[in-house]
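Inside the fold
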Amino acid sequence: MAEIIYTYKDSVYANITNKCNCRCTFCIRFVKNGVGNAETLWHQENPTKEEVLDAIKNFDFSGYKELVFCGYGEPTCQLDILIDAAKYAKKEKGLKIRLNTNGQGSAENGRDIVPELAKVIDSVSVSLNAPSKKEYEEVTRPLFKDGFENMISFTKRCRETIGDVRWSIVDVLPEEEKDRCIALSKEHDIPLRIRKYSSNS
Ligand code: SF4
């Protein structure tokens, strides 16, 4: 069975599902099977809620302050597990909770999920990936027609409701696209992180 909880650099990650509604051209899943101390992050079957809760319960979080929901899939594609696992980790393990997401969660679940997230998530990192609809669709290849707009409005809702929210892009973007991402981040007052391509999303 693939790892549900794994460590990478100084953080602990929860890999709760391999489901995803995007097909990013740079997705690390298509390059290697594992990240950090995990040999594989491909589940033979996506874990049940009980398996995820057990994995959190049994992991020794000594020295770690935060649990990041990320992994080889989009956590909001398994919203019920995400919410309950985040609630459990916060209450029973005293951890801060971060969500790394592609920003399609409200479209995926057919409703504004941000109020539900706000109860259990402390910070959110949304993959911006590109500064315009056309470029976003080329690189992210979302299953939704309005993927770019979904991602922007989801991030703005998180900014209003959760507060600690940022966009991320990878450092392989051309300078001119990076500059337009920086402009977009200023326009919407959403901090931007430019991360190395090889790091965890
Ligand atoms: S959203 Fe994340 S998991 Fe999904 S294809 Fe893109 S990089 Fe991969």
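Whatever comes next refers back to the structure up there.
A quick note: this is a predicted structure, and the numbers were derived from the prediction, not measured.

The rules we used
Residues numbered from 1 in each chain as written. Predicted model: local features only at pLDDT ≥ 70, side-chain atom pairs only at ≥ 80, totals over all residues. Heavy atoms only, no water. Disulfide = S-S within 2.5 Å. Near = heavy atom within 4 Å. Nonpolar A, V, L, I, M, F, W, Y, C, P; charged D, E, K, R; others polar. Helix = DSSP H or I, 4+ residues; strand = E, 2+ residues; numbered from the N terminus. Contact = heavy atoms within 4.5 Å. Phe/Tyr/Trp six-rings, centres within 6.5 Å; stacked < 30°, edge-to-face > 60°. Buried < 20%, exposed > 50% of the residue type's maximum accessible area, 1.4 Å probe, protein only. Pairing = 2+ DSSP bridges. Axes fitted to C-alpha atoms, helices over the stretch in contact; angles between N-to-C directions. Core = buried A, V, L, I, M, F, W, Y, C linked by side-chain atoms within 4.5 Å.

Observations regarding the state of the cysteines
- The tally for this structure, following the rule as stated, stands at 0 disulfides.
- Cys27 supplies the cysteine sulfur nearest to Cys70, a cysteine that is in no disulfide, at a spacing of 9.8 Å.

Digging into the site of the ligand
- Inspection of the region around the ligand gives Cys20, Cys22, Arg23, Cys24, Cys27, Arg29 and Asn102 as its neighbouring residues.
- Partitioning the shell around the ligand into residue classes produces 4 nonpolar, 1 polar and 2 charged.

A word on the environment of Tyr197
- On the secondary structure map, Tyr197 appears in the segment after β7 (192-195).
- With 28 residues separating them along the chain, Tyr197 and Ile169 place their C-alpha atoms 8.8 Å apart.
- Tyr197 has contacts with Phe26, Val31, Val170, Asp171 and Val172, leaving out every residue within four places of it along the chain.

Describing the packing of aromatic side chains
- Taken as a whole, this structure holds 6 aromatic pairs when the rule is applied.
- An angle of 65 degrees between the planes, with centres 4.8 Å apart, marks the rings of Phe59 and Phe61 as edge-to-face.
- For Phe61, a relative accessible area of 8% puts it in the buried group.
- Ring centres 6.5 Å apart and planes at 45 degrees place the aromatic pair Phe59 and Tyr64 in the tilted group.
- A network of ring pairs unites the aromatic residues Tyr6, Tyr8 and Tyr13 as a single cluster.

As for the sheet that holds strand β5 (residues 123-127)
- Within the open sheet, the 7 strands sit side by side as β1-β2-β3-β4-β5-β6-β7. Their pairing is mixed. The open sheet has two edge strands, β1 (5-8) and β7, and neither has a second partner. For this sheet the average axis-to-axis angle between neighbouring strands, irrespective of direction, equals 30 degrees.
- Note that strand β4 (residues 96-101) and β5 share 4 bridges and pair parallel. For Arg98, the partnering residue across the bridge sits in β5 and is Ser123.

Details of the nonpolar core
- Grouped together as the largest cluster of nonpolar side chains are 49 residues, with contacts concentrated most on Leu67, Phe69, Leu117 and Ile121.
- Tallying contributions element by element places helix α2 (residues 79-93) first for this core, with 7 residues.
- Other than its neighbours up to four places away in sequence, Leu67 contacts Ile5, Val12, Tyr13, Ala14, Ile56, Phe61, Ala89, Leu95, Lys96, Ile97 and Arg98.

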